[in-house]
Structures are given as C-alpha cells and as structure tokens.
Amino acid sequence: GAPREPLPVATGHRSRLPSLHLLSAADSAVPAHSSEAVAARFEEAQVYRHDKGHALPCRAGDVDALLGFIMRHLTPAAAATAPRPDQPSAGARADARAAGARPGAEA
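All residue numbers refer to positions counted from 1 along the written sequence of the respective chain. Reporting in this predicted model follows two pLDDT cut-offs: at least 70 for local features of residues, and 80 or more for side-chain atom pairs to be given and counted; totals over whole chains, interfaces and linings ignore these cut-offs and use all residues. Side-chain calculation: all heavy atoms of the structure are included, whereas hydrogens and water are not.

## Quick word on the pairing of strand β2 (residues 45-50)
Only protein chains enter the calculation, and the probe is 1.4 Å; a residue is then buried if its accessible area is under 20% of its type maximum, exposed if over 50%, and partly exposed in between. The numbering of helices and of strands both runs from the N terminus, where a helix is a DSSP run of H or I of at least 4 residues and a strand a run of E of at least 2. Here β2 shows a buried face lined by Q46, Y48 and H50 and an unburied face lined by A45, V47 and R49. A pair of strands counts as paired when DSSP detects no fewer than two bridges linking them. Here six bridges tie strand β1 (residues 19-24) to β2, and the two strands are oriented parallel to one another. What sits directly across from L22, in β2, is Y48. Handedness of a crossover is defined as follows: with both strands directed away from the viewer, a clockwise route from the first strand across the helix to the second makes it right-handed. Handedness of the β-α-β unit built from β1, helix α2 (residues 32-39) and β2 comes out right-handed.

Structure follows, in structure tokens:
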C-alpha cells in the first residue's frame with residue numbers, strides 16, 4: 001500500500017522508508033544532483049549509479065541490483081542472500097566479461 005508517513009521531499013523530514021535511487025550522469029531530464037538531494041531525505045537511501053541516462057538500466061548486473069533491493073525488503077530470509085546495489089553481482093561480472101570480450105562494447 002501507500003506509505004503512511006508523509007513524503008520527505010514535501011515535509012523536509014528524513015524518511016525511514018526503504019529507498020533505492022537510480023542516478024545517471026547522462027540523465028538530461030533529472031540531473032544527478034537533484035536525485036542525490038532527494039536521496040538525502042531518506043535515512044538509509046541506497047543509490048545505484050548507471051550510464052543509461054533517463055532510462056531504466058536493464059543489463060544483467062542492473063537487474064540484479066534492482067531485484068536485490070526488492071528482495072531485501074520482502075523477507076528476512078531473502079535479505080540474507082540478496083545482492084546489494086553497491087556490490088558487483090554475478091550478472092554484473094558477466095556484463096563486464098561480455099563487454100571486455102567485444103572491442104568497443106559498452107561496460
């Protein structure tokens with residue numbers, strides 16, 4: 001359901017809600033500094049940086065990070081095994097290997 005506490009951006013207080021903020025230096029619609037300011041309004045904000053601009057990152061490592069965040073907040077058992085956005089996952093390592101294997105490929 002909807003959060004029971006007011007949104008932190010509207011009230012100026014720091015929220016205890018779990019939050020994941022996707023930031024990209026290549027985002028021309030929402031500058032990274034604006035997203036960082038929103039993330040600062042959450043007590044335990046996690047920030048995931050990517051290079052896809054104003055788009056949802058979708059490489060294997062990106063998906064692992066997004067799913068990991070969701071899984072950590074579903075159940076205690078899932079939290080113990082879920083990848084963290086700030087740690088390379090198996091998918092991220094596979095992305096890096098694939099990019100290294102093809103000259104000129106995006107990392």
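## Some words on the confidence of the model for the chain
The quantity known as pLDDT measures the predictor's confidence residue by residue, on a range of 0 to 100. For the chain, per-residue confidence averages 77 on the pLDDT scale, and residues scoring 70 or more make up 64% of the total. Contacts of residues 102-107 to residues separated by more than four positions or lying in other chains number eight contacts, the stretch itself having pLDDT below 50. Note on contacts: a residue pair is in contact if any heavy atoms of the two residues lie within 4.5 Å.

## With respect to the pattern of salt bridges
The term salt bridge refers to a side-chain nitrogen of Lys or Arg lying within 4 Å of a carboxyl oxygen of Asp or Glu. For the structure on display, the rule yields three salt bridges. A salt bridge links E36 to R49; the shortest N-O distance between them is 2.8 Å. Of this pair, E36 sits in helix α2 while R49 sits in strand β2, placing them 13 residues apart in sequence. According to the relative accessible area criterion, E36 is partly exposed, its value standing at 33%. With a closest N to O distance of 2.8 Å, D51 and R59 form a salt bridge.

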